[in-house]
Amino acid sequence: MPDIPSQPPVPPASTPGRDNADGTTTIERATQKTEPPRLYQVLLLNDDFTPMEFVVMVLQEYFRHDLDTATQIMLKIHHDGRGVCGVFSKDVAATKVELVLAAARRAGHPLQCIMEAA
Ligand code: TYC
């Protein structure tokens, strides 16, 4: 009759990432850090030629601002040289810039629209 041990066997002491005495290897799971996606501001720049009404339309149609907010943002751009239309993920910001520039060129206006990391 074999002796029944009173305690379960103690696993060998190990160092993470090292081979153990019993031929097994202990590895440590790397902690995964997922950063939140970066956000981008889309801005309009002032110029002397694009009509105010066109800029207000852009802010309403492409950035979903109401008439009052769109007018305030347009006037801020007119006075300060630039203003934020909205903050988006990179892909959405890039698409907004493309659509606004295409609409401005179609209408024959030199309006500039850019994106910057927020
Ligand atoms: N400065 C333009 C004007 O007086 C109006 C304007 C506002 C143009 C904002 C561009 O992003 C702009 N007609």
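Residues numbered from 1 in each chain as written. Predicted model: local features only at pLDDT ≥ 70, side-chain atom pairs only at ≥ 80, totals over all residues. Heavy atoms only, no water.

Quick word on the side chain of D47
Here comes step 1: Along the chain, D47 falls in the loop between β1 (39-45) and α1 (52-61).
Here comes step 2: Buried within the structure, D47 lacks any salt-bridge partner; its nearest side chain of opposite charge belongs to R105, at an N-O separation of 7.4 Å.
Here comes step 3: At a separation of 2.7 Å, a polar atom in the side chain of D47 contacts the main-chain amide nitrogen of F49.
Here comes step 4: Among the polar contacts made by the side chain of D47, one reaches the main-chain amide nitrogen of T50 at a distance of 2.6 Å.
Here comes step 5: With sequence-adjacent residues up to four places away left out, D47 is seen in contact with P110 and L111. (Helix = DSSP H or I, 4+ residues; strand = E, 2+ residues; numbered from the N terminus. Buried < 20%, exposed > 50% of the residue type's maximum accessible area, 1.4 Å probe, protein only. Lys, Arg positive; Asp, Glu negative; His and termini not counted. Salt bridge = Lys/Arg side-chain N within 4 Å of Asp/Glu carboxyl O. Polar contact = N/O pair within 3.5 Å; in protein donor to acceptor, adjacent residues only side chain to side chain. Contact = heavy atoms within 4.5 Å.)

Considering the site of the ligand
Here comes step 1: Every residue near the ligand is listed here: L44, L45, N46, D47, T50, M52, V55, I77, H78 and L111.
Here comes step 2: One nitrogen or oxygen atom from the main chain of L45 is found 2.8 Å from an oxygen atom belonging to the ligand.
Here comes step 3: At 2.7 Å, a side-chain N or O of N46 approaches a nitrogen atom of the ligand.
Here comes step 4: Calculation on the ligand without its partners gives an accessible area of 350 Å², and the protein chains cover 89% of this total.
Here comes step 5: When contributions to the shell around the ligand are tallied by element, the ones reaching two or more residues are β1, α1 and α2 (67-80).
Here comes step 6: A per-class count over the shell around the ligand returns 6 nonpolar, 3 polar and 1 charged. (Near = heavy atom within 4 Å. Areas by Shrake-Rupley, 256 points an atom, 1.4 Å probe, with all protein chains shown as cover. Nonpolar A, V, L, I, M, F, W, Y, C, P; charged D, E, K, R; others polar.)

Fair warning: the whole summary comes from geometry, so function is off the table for now.
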